[in-house]
Amino acid sequence: MSRDAASFDRLYRENGDPWSYETSAYEAEKYARCLALLPPRRFARALDVGCSIGVMSEAIARRCDRLLGLDFAPSAIDRARARGVPGARFEVAGVPEGWPEGQWDLIVLSEVLYYLSPGALDEMIGLVSDRLAPGGACLVAGYLGNTETTLTAREVETRLLDTLAAARPHHEIRRDADTSWIAAVFDCGPDQPSGA
(Lines give C-alpha, C1' and ligand atoms only; values in the text may rest on other atoms or scores of the structure.)
Protein backbone atom coordinates (compact mmCIF):
# COMPACT_ATOMS: atom_id res chain seq x y z
CA MET A 1 0.00 0.00 0.00
CA SER A 2 1.13 3.53 -0.65
CA ARG A 3 -0.18 4.39 2.80
CA ASP A 4 0.20 2.00 5.69
CA ALA A 5 -2.40 0.59 8.05
CA ALA A 6 -0.98 2.49 11.04
CA SER A 7 -1.52 5.89 9.40
CA PHE A 8 -5.12 5.03 8.51
CA ASP A 9 -5.77 3.61 11.98
CA ARG A 10 -4.41 6.82 13.54
CA LEU A 11 -6.87 8.84 11.41
CA TYR A 12 -9.80 6.73 12.66
CA ARG A 13 -8.66 7.00 16.27
CA GLU A 14 -8.31 10.79 16.06
CA ASN A 15 -11.60 11.28 14.19
CA GLY A 16 -13.99 8.32 14.11
CA ASP A 17 -15.29 9.37 10.67
CA PRO A 18 -12.41 11.24 8.99
CA TRP A 19 -14.11 11.49 5.59
CA SER A 20 -17.62 12.26 6.97
CA TYR A 21 -19.12 9.09 5.52
CA GLU A 22 -21.99 9.21 8.03
CA THR A 23 -22.92 12.88 7.58
CA SER A 24 -21.84 14.07 4.11
CA ALA A 25 -24.54 14.67 1.49
CA TYR A 26 -21.86 14.10 -1.16
CA GLU A 27 -21.05 10.65 0.27
CA ALA A 28 -24.75 9.76 0.61
CA GLU A 29 -25.37 10.63 -3.04
CA LYS A 30 -22.29 8.69 -4.14
CA TYR A 31 -23.43 5.60 -2.21
CA ALA A 32 -26.95 5.84 -3.66
CA ARG A 33 -25.64 6.17 -7.20
CA CYS A 34 -23.18 3.28 -6.75
CA LEU A 35 -25.91 1.04 -5.34
CA ALA A 36 -28.21 1.98 -8.23
CA LEU A 37 -25.63 0.48 -10.62
CA LEU A 38 -25.95 -2.96 -9.01
CA PRO A 39 -28.10 -5.52 -10.79
CA PRO A 40 -31.59 -5.88 -9.28
CA ARG A 41 -31.02 -9.21 -7.59
CA ARG A 42 -30.03 -10.55 -4.20
CA PHE A 43 -26.45 -11.72 -3.57
CA ALA A 44 -25.70 -14.79 -1.45
CA ARG A 45 -22.09 -13.79 -0.55
CA ALA A 46 -20.67 -10.29 -0.79
CA LEU A 47 -17.17 -9.02 -0.07
CA ASP A 48 -16.57 -5.31 0.66
CA VAL A 49 -12.82 -4.63 0.47
CA GLY A 50 -11.72 -1.47 2.28
CA CYS A 51 -15.07 -1.17 4.04
CA SER A 52 -13.92 1.58 6.42
CA ILE A 53 -16.51 2.21 9.17
CA GLY A 54 -19.19 0.22 7.32
CA VAL A 55 -21.55 2.95 6.09
CA MET A 56 -21.77 1.68 2.52
CA SER A 57 -21.47 -1.91 3.75
CA GLU A 58 -24.67 -1.45 5.74
CA ALA A 59 -26.57 -0.41 2.61
CA ILE A 60 -25.07 -3.23 0.54
CA ALA A 61 -25.86 -5.81 3.24
CA ARG A 62 -29.60 -5.19 2.74
CA ARG A 63 -29.18 -6.83 -0.69
CA CYS A 64 -27.10 -9.79 0.56
CA ASP A 65 -27.56 -12.94 2.58
CA ARG A 66 -24.03 -12.55 3.99
CA LEU A 67 -21.48 -9.77 3.71
CA LEU A 68 -17.84 -9.75 4.77
CA GLY A 69 -16.24 -6.33 5.16
CA LEU A 70 -12.44 -6.04 5.26
CA ASP A 71 -10.28 -3.11 6.28
CA PHE A 72 -6.70 -2.99 7.50
CA ALA A 73 -7.41 -0.28 10.10
CA PRO A 74 -8.56 -1.93 13.37
CA SER A 75 -10.27 1.28 14.58
CA ALA A 76 -12.38 1.40 11.41
CA ILE A 77 -13.38 -2.24 11.84
CA ASP A 78 -14.36 -1.56 15.47
CA ARG A 79 -16.71 1.20 14.24
CA ALA A 80 -18.10 -1.04 11.49
CA ARG A 81 -18.80 -3.85 13.96
CA ALA A 82 -20.53 -1.40 16.32
CA ARG A 83 -23.12 -0.72 13.59
CA GLY A 84 -24.61 -4.17 14.26
CA VAL A 85 -25.38 -4.81 10.59
CA PRO A 86 -27.55 -7.95 10.22
CA GLY A 87 -25.86 -10.64 8.13
CA ALA A 88 -22.54 -8.78 8.08
CA ARG A 89 -19.16 -9.65 9.54
CA PHE A 90 -16.21 -7.25 9.66
CA GLU A 91 -12.59 -8.37 9.86
CA VAL A 92 -9.19 -6.69 10.03
CA ALA A 93 -7.24 -7.70 6.92
CA GLY A 94 -4.98 -6.14 4.35
CA VAL A 95 -5.21 -7.07 0.68
CA PRO A 96 -4.11 -8.82 -1.39
CA GLU A 97 -2.38 -10.92 1.29
CA GLY A 98 -5.49 -11.18 3.49
CA TRP A 99 -7.95 -12.01 0.69
CA PRO A 100 -10.52 -14.51 2.04
CA GLU A 101 -11.18 -17.97 0.64
CA GLY A 102 -14.09 -18.88 -1.55
CA GLN A 103 -16.07 -17.28 -4.35
CA TRP A 104 -18.12 -14.10 -4.04
CA ASP A 105 -21.35 -13.17 -5.79
CA LEU A 106 -20.60 -9.48 -5.26
CA ILE A 107 -17.21 -7.85 -4.79
CA VAL A 108 -17.09 -4.17 -3.82
CA LEU A 109 -13.88 -2.17 -4.30
CA SER A 110 -14.72 1.41 -3.41
CA GLU A 111 -11.86 3.90 -3.19
CA VAL A 112 -9.28 1.25 -2.34
CA LEU A 113 -7.43 -0.05 -5.42
CA TYR A 114 -5.32 3.06 -6.07
CA TYR A 115 -3.74 2.72 -2.63
CA LEU A 116 -2.04 -0.49 -3.77
CA SER A 117 1.38 -0.71 -5.36
CA PRO A 118 1.31 -1.68 -9.06
CA GLY A 119 2.39 -5.24 -8.22
CA ALA A 120 -0.22 -5.62 -5.46
CA LEU A 121 -2.86 -4.23 -7.83
CA ASP A 122 -2.02 -6.92 -10.39
CA GLU A 123 -2.37 -9.56 -7.67
CA MET A 124 -5.68 -8.07 -6.52
CA ILE A 125 -7.09 -8.00 -10.04
CA GLY A 126 -6.12 -11.65 -10.43
CA LEU A 127 -7.90 -12.50 -7.19
CA VAL A 128 -11.05 -10.63 -8.20
CA SER A 129 -11.07 -12.37 -11.57
CA ASP A 130 -10.52 -15.81 -10.01
CA ARG A 131 -12.89 -15.40 -7.05
CA LEU A 132 -15.86 -13.65 -8.66
CA ALA A 133 -18.53 -16.34 -8.75
CA PRO A 134 -20.19 -17.33 -12.03
CA GLY A 135 -23.06 -14.90 -12.45
CA GLY A 136 -21.44 -12.44 -10.05
CA ALA A 137 -20.95 -8.68 -10.10
CA CYS A 138 -18.09 -6.39 -9.15
CA LEU A 139 -18.51 -2.73 -8.17
CA VAL A 140 -15.44 -0.50 -8.48
CA ALA A 141 -15.46 3.18 -7.51
CA GLY A 142 -12.79 5.81 -7.08
CA TYR A 143 -12.14 9.45 -6.37
CA LEU A 144 -10.84 11.48 -9.33
CA GLY A 145 -9.13 14.17 -7.28
CA ASN A 146 -5.69 14.08 -5.69
CA THR A 147 -5.21 10.93 -3.63
CA GLU A 148 -1.44 11.19 -3.18
CA THR A 149 -1.19 7.71 -4.69
CA THR A 150 0.85 6.37 -7.60
CA LEU A 151 -2.20 5.04 -9.45
CA THR A 152 -5.38 6.92 -10.38
CA ALA A 153 -9.03 5.87 -10.19
CA ARG A 154 -9.27 5.72 -13.98
CA GLU A 155 -6.14 3.57 -14.27
CA VAL A 156 -7.25 0.99 -11.72
CA GLU A 157 -10.81 0.85 -13.07
CA THR A 158 -9.57 0.30 -16.62
CA ARG A 159 -7.12 -2.42 -15.61
CA LEU A 160 -9.72 -4.26 -13.52
CA LEU A 161 -12.54 -4.07 -16.07
CA ASP A 162 -10.28 -5.04 -18.99
CA THR A 163 -9.08 -8.13 -17.10
CA LEU A 164 -12.60 -9.16 -16.10
CA ALA A 165 -13.88 -8.63 -19.66
CA ALA A 166 -11.10 -10.77 -21.12
CA ALA A 167 -11.91 -13.60 -18.71
CA ARG A 168 -15.70 -13.28 -19.02
CA PRO A 169 -16.69 -12.03 -22.46
CA HIS A 170 -20.42 -12.27 -21.73
CA HIS A 171 -21.05 -9.36 -19.39
CA GLU A 172 -22.53 -5.92 -19.02
CA ILE A 173 -20.76 -2.85 -17.65
CA ARG A 174 -22.83 -0.04 -16.14
CA ARG A 175 -21.13 3.25 -15.36
CA ASP A 176 -21.84 6.41 -13.43
CA ALA A 177 -19.58 9.41 -13.24
CA ASP A 178 -19.54 12.65 -11.35
CA THR A 179 -17.01 15.42 -11.76
CA SER A 180 -15.10 14.11 -8.73
CA TRP A 181 -15.55 10.31 -8.83
CA ILE A 182 -16.26 7.37 -11.13
CA ALA A 183 -18.01 4.06 -10.57
CA ALA A 184 -18.72 0.98 -12.65
CA VAL A 185 -20.35 -2.40 -12.16
CA PHE A 186 -19.10 -5.41 -14.08
CA ASP A 187 -22.05 -7.82 -14.23
CA CYS A 188 -21.79 -11.37 -15.54
CA GLY A 189 -25.10 -12.26 -13.97
CA PRO A 190 -27.68 -14.90 -14.81
CA ASP A 191 -29.17 -12.80 -17.62
CA GLN A 192 -25.82 -12.92 -19.45
CA PRO A 193 -25.04 -15.90 -21.73
CA SER A 194 -22.69 -18.43 -20.18
CA GLY A 195 -19.18 -18.65 -21.49
CA ALA A 196 -15.50 -18.05 -20.82
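Overview of the structure. If you're wondering where the values come from, they're calculated on a predicted model, not measured in any experiment.

1. So, the packing of helix α5 (residues 118–131) against helix α6 (residues 153–167)
- Running from amino to carboxyl end, α5 crosses α6 at an angle of 35°, the nearest separation of the two axes being 10 Å. Note on packing geometry: the crossing formed by α5 with α6 is right-handed. Here P118, L121, D122, I125, V128 and S129 of α5 lie close against α6, whose contacting residues are V156, R159, L160, T163, L164 and A167.

2. Some details on the nonpolar core
- Counting 68 residues, the largest nonpolar core has W99, L106, L109, L113, C138 and L160 as its most contacted members.
- Apart from the residues within four sequence positions on either side, L160 is in contact with L109, L113, I125, V128, C138 and V140.

3. Let's talk about the packing of aromatic side chains
- For the structure shown, the criterion picks out 2 aromatic pairs.
- Ring geometry for Y21 and Y31: centres 6.4 Å apart, planes at 45°, overall tilted. Note that Y21 is positioned in the loop between α1 (5–14) and α2 (25–37) and Y31 in helix α2, a separation of 10 residues in sequence. Note on accessibility: Y21 and Y31 belong to one class, buried.
- Pairing Y114 with Y115 gives two aromatic rings, centres 5.3 Å apart and planes at 55°, and the pair type is tilted.
- Accessibility expressed as a relative area gives 2% for Y114, which makes it buried.
- Note that R45 overlies the ring of W104, its terminal NZ or CZ placed 3.9 Å from the centroid.

What counts and what doesn't
- Residues numbered from 1 in each chain as written.
- Predicted model: local features only at pLDDT ≥ 70, side-chain atom pairs only at ≥ 80, totals over all residues.
- Heavy atoms only, no water.
- Axes fitted to C-alpha atoms, helices over the stretch in contact; angles between N-to-C directions.
- Helix = DSSP H or I, 4+ residues; strand = E, 2+ residues; numbered from the N terminus.
- Left-handed = near helix turned anticlockwise from the far one by under 90°.
- Contact = heavy atoms within 4.5 Å.
- Core = buried A, V, L, I, M, F, W, Y, C linked by side-chain atoms within 4.5 Å.
- Buried < 20%, exposed > 50% of the residue type's maximum accessible area, 1.4 Å probe, protein only.
- Phe/Tyr/Trp six-rings, centres within 6.5 Å; stacked < 30°, edge-to-face > 60°.
- Lys NZ or Arg CZ within 6 Å of the ring centre and 35° of its normal.

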